[in-house]
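Coordinate analysis (summary)
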Amino acid sequence: MIIDKLTKKYDGKEVVQGVSFEIPKGKVLSLIGPNGAGKSTVMGVISRLIARDGGEVEFEGADISKWKSKELAKRLAILTQSNNIQMKLTVEELVAFGRFPYCGGRLTPEDERIVDQAIRYMELDSFRDRFIDELSGGQRQRAYIAMVIAQDTEYVLLDEPTNNLDIYHATNMMKIVRRLCDELGKTVILVLHEINYAAFYSDYICAFKDGKIAKFGTVQEVMTKETLSRIYDVDFEIMEIEGKPLSIYY
Ligand SMILES: Nc1ncnc2c1ncn2[C@@H]1O[C@H](COP(=O)(O)OP(=O)(O)O)[C@@H](O)[C@H]1O
Ligand SMILES: [Mg+2]
């Protein structure tokens, strides 16, 4: 996927200003940066939930605007930042939504098999008949990921999947995200607040600031004292753990 000179304005103000980057297939890319930097807007434009004002999103050789919604939904899944579905759904019903692009409302035995597999993959078997609003934050987040797995897309976009999770569940969620790539072969684009989650669990980082990309590169390229301190105007120290650069900021 190639993002080229993307722009988006709200009320005359350009909140995304000529953003370009390429998403390598079968890798995990994290978008990091402060609130309001334009990360969710870029995710929205890539998934066509938000209309852009300029630039291109080239997807499988064609601009995303050329795709029929159903075809796009078979290739790209997104969990938005406020992924709350306001319906009284059980885990199984929620996950079945992931099959919607394939079967409409009526699940075939094959769809049911895929839904079942996704529920088991996320270790939600004993929760399948529970209502999603009765689950803990971590369980609910796993149910949403199961829905994404059932959608069976190559691209998975997750906007702050660790939001509202305590550090244990957030770490667990990041391990799941990594498995989506390593075990299921998906290309994952994340928005993360916590730089060290991005550093430890992704392959590439796109550092946003004020609607622009301040730095794009591999984790090793972006996670340097000089780069981070320059972009975010905070003093960073970098140390290595298990061969990965992690930051301390003060
Ligand atoms: N629907 C909207 N209407 C007006 N302004 C918006 C809208 N959505 C986002 N913005 C503004 O666009 C900027 C970027 O927002 P966003 O992409 O959500 O940032 P991030 O995800 O990096 O926190 C912010 O200043 C935000 O207030
Ligand atoms: Mg956001």
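Residues numbered from 1 in each chain as written. Chains lettered and ligands numbered in written order. Predicted model: local features only at pLDDT ≥ 70, side-chain atom pairs only at ≥ 80, totals over all residues. Heavy atoms only, no water.

Let us now look at the site of ligand 1. Taken together, the residues surrounding ligand 1 are Tyr10, Val15, Pro34, Asn35, Gly36, Ala37, Gly38, Lys39, Ser40 and Thr41. Measuring from an oxygen atom of ligand 1, one finds a backbone N or O atom of Gly36 at 2.7 Å. Between an oxygen atom of ligand 1 and a main-chain N or O atom of Gly38, the distance comes to 3.0 Å. Here ligand 1 loses 61% of its free accessible area of 560 Å² to cover by the protein chains. A per-element tally of the shell around ligand 1 places helix α1 (residues 39-46) first, with 3 residues. Here the shell around ligand 1 is composed, by residue class, of 4 nonpolar, 5 polar and 1 charged. (Near = heavy atom within 4 Å. Polar contact = N/O pair within 3.5 Å; in protein donor to acceptor, adjacent residues only side chain to side chain. Areas by Shrake-Rupley, 256 points an atom, 1.4 Å probe, with all protein chains shown as cover. Helix = DSSP H or I, 4+ residues; strand = E, 2+ residues; numbered from the N terminus. Nonpolar A, V, L, I, M, F, W, Y, C, P; charged D, E, K, R; others polar.)

This brings us to the sheet that holds strand β3 (residues 28-32). Here 6 strands make up an open sheet; going across it, the order is β6-β7-β8-β3-β9-β10 and the pairing mixed. Sheet topology places β6 (76-79) and β10 (212-218) at the edges, where each strand pairs with a single neighbour. Pairs of neighbouring strands in the sheet enclose a mean axial angle of 15°, with direction left out of account. Here 5 bridges tie strand β7 (residues 155-159) to strand β8 (residues 187-191), and the two strands are oriented parallel to one another. In the strand pairing of β8, Val156 is matched with Val188. Contacting β3, β6, β7, β8 and β9 (204-209), α1 runs over the sheet at an angle of about 150° to β7. (Pairing = 2+ DSSP bridges. Axes fitted to C-alpha atoms, helices over the stretch in contact; angles between N-to-C directions. Contact = heavy atoms within 4.5 Å.)

For the coordinates displayed, the defined rule picks out 1 cavity of 30 Å³ or more. Size it by volume and the largest cavity reaches roughly 40 Å³. Forming the boundary of the largest cavity are Gly138, Arg142, His169, Asn172, Met173 and Ile176. Per-element accounting of the lining of the largest cavity gives the leading share, 4 residues, to helix α7 (residues 167-182). (1 Å grid on protein atoms, 1.4 Å probe; cavity = no way out; pocket = protein on both sides within 12 Å on 5 of 7 lines; lining within 4 Å. Points joined across faces, edges and corners; volume = space filled by probe spheres on them.)

Within the protein, Ser40 (OG) and Gln81 (OE1) serve as the donor atoms for the magnesium ion (ligand 2), at 2.0 to 2.3 Å. Taken together, the positions of Ser40 in helix α1 and Gln81 in the loop between β6 and α3 (91-97) put the pair 41 residues apart, joining distant regions of the chain. (Donors = N, O, S within 2.8 Å, 3.2 Å for Na, K, Ca; no water.)

Turning to the sheet that holds strand β2 (residues 13-22), a few remarks are in order. Strand order in the open sheet made by the 4 strands is β2-β1-β4-β5, with antiparallel pairing throughout. Looking along the sheet, the strands with just one partner apiece sit at the ends: β2 and β5 (62-63). Packed on one face of the sheet, α1 meets β1 (2-10), β2 and β4 (54-59) and runs near 65° to β2.

With that settled, consider the packing of aromatic side chains. Enumeration according to the criterion identifies 7 aromatic pairs in this entry. Considering the side-chain rings of Phe21 and Phe216, the 6.0 Å spacing of their centres and the 40° angle between planes classify their relative orientation as tilted. Remark: Phe216 occurs in strand β10 and Phe21 occurs in strand β2; sequence separation between them is 195 residues. Looking at Phe216, the relative accessible area reads 32%, which means it is partly exposed. A cation sits over an aromatic face here: Lys8 above Tyr10, 5.1 Å from the ring centre. Over the ring of Phe131 we find Lys88; its NZ or CZ atom is 4.7 Å from the centre of that ring. (Phe/Tyr/Trp six-rings, centres within 6.5 Å; stacked < 30°, edge-to-face > 60°. Buried < 20%, exposed > 50% of the residue type's maximum accessible area, 1.4 Å probe, protein only. Lys NZ or Arg CZ within 6 Å of the ring centre and 35° of its normal.)

Here we come to the UniProt feature "domain: ABC transporter" (unreviewed entry) in the chain. The feature "domain: ABC transporter" (unreviewed entry), as annotated in UniProt, sits at residues 1-235 in this numbering. Between the C-alpha atoms that bound residues 1-235 the distance is 34 Å, and the span itself is 38% helix and 25% strand. (UniProt positions renumbered as here; feature names shortened; annotations may be inferred.)

It is worth spelling out the side chain of Thr187 at this point. Examined against the element boundaries, Thr187 turns out to sit in strand β8. Given a relative accessible area of 0%, Thr187 falls into the buried group. From its side chain, Thr187 meets the backbone nitrogen of Gly26 in a polar contact 2.7 Å long. In contact with Thr187, other than residues within four places in its own chain, are Ile23, Pro24, Lys25, Gly26, Lys27, Glu154, Tyr155 and Val156.

A word on the nonpolar core. With 54 residues, the main nonpolar core has Ile145 and Leu158 as its most contacted residues. Looking at this core, the element that brings in the most residues is helix α6 (residues 137-151), giving 8 residues. The contacts of Ile145, once residues within four sequence positions are left out, are Leu79, Met122, Leu158, Met173, Ile176 and Leu180. The next biggest cluster of nonpolar side chains, apart from the first, holds 27 residues, and it includes Val19, Val42, Tyr155 and Val191. (Core = buried A, V, L, I, M, F, W, Y, C linked by side-chain atoms within 4.5 Å.)

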